[in-house]
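Examination of the molecular architecture
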Amino acid sequence: MGEKDLVDEAGQHVQAHAECATAIRYGATVFVTRDVEDLVSKSGTMAAAFNGFKILTPEDALAFAYRVKSRYDYRMAAPTGFASVSTSCDPRSRRTSVPAS
């Protein structure tokens, strides 16, 4: 590695750290990066320090998105159970019958 390569690599690390700090400052809960050696390896420490903040590789982020989507699809396809009862609980839908005198 030449001196220029080391400088470029150091600059990329600084930029990745600055972008991660910006994401935390603006309330993001996940940061996706390819900086595996530096940022992703510290994901556990960052999660503990910043309320569960996750640092993921693009591959991990994609796998997470697929898991969330499959759970969503499962819930949408599942029988609703008591969903039809919820309309009968609405007080406006109740009818009171008065016995005829």
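Our structure's up above, just so we're on the same page.
A brief look at the structure comes next. Values in this document were obtained by computation on a predicted structure and should not be read as measured data. (Residues numbered from 1 in each chain as written. Predicted model: local features only at pLDDT ≥ 70, side-chain atom pairs only at ≥ 80, totals over all residues. Heavy atoms only, no water.)

For Asn51, which is not glycine, the phi dihedral falls at a positive 55°. You can see Asn51 is positioned in the loop between α2 (43–49) and β2 (54–56). The class for Asn51 is exposed, based on a relative accessible area of 78%. (Helix = DSSP H or I, 4+ residues; strand = E, 2+ residues; numbered from the N terminus. Buried < 20%, exposed > 50% of the residue type's maximum accessible area, 1.4 Å probe, protein only.)

With that settled, consider the environment of Thr57. Note that Thr57 resides in the loop between β2 and α3 (58–77). Classification of Thr57 as buried rests on a relative accessible area of 11%. Taking the C-alpha atoms as reference, Thr57 lies 9.6 Å from Leu39; in sequence the two are 18 residues apart. Excluding its chain neighbours within four sequence positions, the residues that come into contact with Thr57 are Val32, Thr33, Val36 and Val40. (Contact = heavy atoms within 4.5 Å.)

Ranked by size, the top nonpolar core spans 9 residues in total: Ala16, Cys20, Ala23, Phe31, Leu39, Val40, Met46, Phe53 and Ile55. Of all the elements, helix α1 (residues 3–25) adds the most residues to this core, at 3 residues. With residues near it in sequence (within four places) discarded, Leu39 still touches Ala16, His17, Cys20, Phe31, Thr33 and Ile55. (Core = buried A, V, L, I, M, F, W, Y, C linked by side-chain atoms within 4.5 Å.)

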